[in-house]
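What the coordinates show
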Amino acid sequence: MTIRDFRYLIAVADCLNFHEAARRCHVTQSTLSIQLRKLEGYLGAECFERNRGGVRVTPAGRELVRHARELVDSFERMRRIGAAFKREREQAIVLTPGFSCA
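Cut-offs and rules
- Residues numbered from 1 in each chain as written.
- Predicted model: local features only at pLDDT ≥ 70, side-chain atom pairs only at ≥ 80, totals over all residues.
- Heavy atoms only, no water.
- Pairing = 2+ DSSP bridges.
- Helix = DSSP H or I, 4+ residues; strand = E, 2+ residues; numbered from the N terminus.
- Phe/Tyr/Trp six-rings, centres within 6.5 Å; stacked < 30°, edge-to-face > 60°.
- Core = buried A, V, L, I, M, F, W, Y, C linked by side-chain atoms within 4.5 Å.
- Buried < 20%, exposed > 50% of the residue type's maximum accessible area, 1.4 Å probe, protein only.
- Contact = heavy atoms within 4.5 Å.
- Axes fitted to C-alpha atoms, helices over the stretch in contact; angles between N-to-C directions.
- Parallel < 35°, antiparallel > 145°, perpendicular 65-115°, else oblique.
- Nonpolar A, V, L, I, M, F, W, Y, C, P; charged D, E, K, R; others polar.

**Digging into the pairing of strand β1 (residues 48-51)**
As defined by bridge partners, β1 adjoins strand β2 (residues 54-57) across 4 bridges and the pair is classed as antiparallel. When the bridges of β2 are listed, E49 appears paired with R56. Hairpin connection, β1 to β2: the antiparallel pair is bridged by 2 residues.

This is how it looks when you write it as structure tokens:
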């Protein structure tokens, strides 16, 4: 499981359409479907009912999507924190007393 897999799960839940979710995630529909089947297998629950009429989120899927959103949100917060520390470190290197570019 990866953050990307959770993003796919969320996209299908939001779009209720595999083709649109794949477009939103910049992957092929086949790639999205395969990864979601793997994720469902790993989690042990079907997240979506798939039929010719469209896609429905299952009760298990609703709960798993809720947790996926929390995970992705936490991951994004971690990335922002890491980026902020990186910027601070880079600025500290540039502003170190006694260091001269001349």
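**Concerning the packing of aromatic side chains**
What the rule picks out here adds up to 1 aromatic pair. Ring geometry for F18 against F48: centres 6.0 Å apart, planes inclined by 80°, an arrangement best described as edge-to-face. Remark: F48 occurs in strand β1 and F18 occurs in helix α2 (residues 18-25); sequence separation between them is 30 residues.

**A word on the nonpolar core**
Formed by 22 residues in total, the largest nonpolar core has its most connected members in L9, V12, F18, A21, L32, L36 and F48. At the level of elements, α1 (3-15), α2, α3 (29-43), β2 and α4 (59-94) are the ones that each hand at least two residues to this core. Considering each element in turn, this core owes the most residues, 8 residues, to α1. For L32, the contacting residues outside a window of four places in its chain are Y8, V12, F18, A21, A22, C25 and V27.

**Thoughts on the packing of α1 against α3**
Interaxial distance between α1 and α3 falls to 10 Å at its minimum, and their mutual angle equals 105°. Classified by the interaxial angle, the pair formed by α1 and α3 is roughly perpendicular. Only T31, L32, Q35, L36 and L39 of α3 make contact with α1, whose side of the interface consists of R4, D5, F6, Y8, L9 and V12. For the contact of α1 with α3, a count of residues per class yields 7 nonpolar, 2 polar and 2 charged.

**Focus on the side chain of E40**
Note that E40 resides in helix α3. Using a relative accessible area of 5% as the deciding quantity, one classes E40 as buried. Every residue in contact with E40, bar those within four places of it in the chain, is listed here: A45, E46, C47, F48 and R50.

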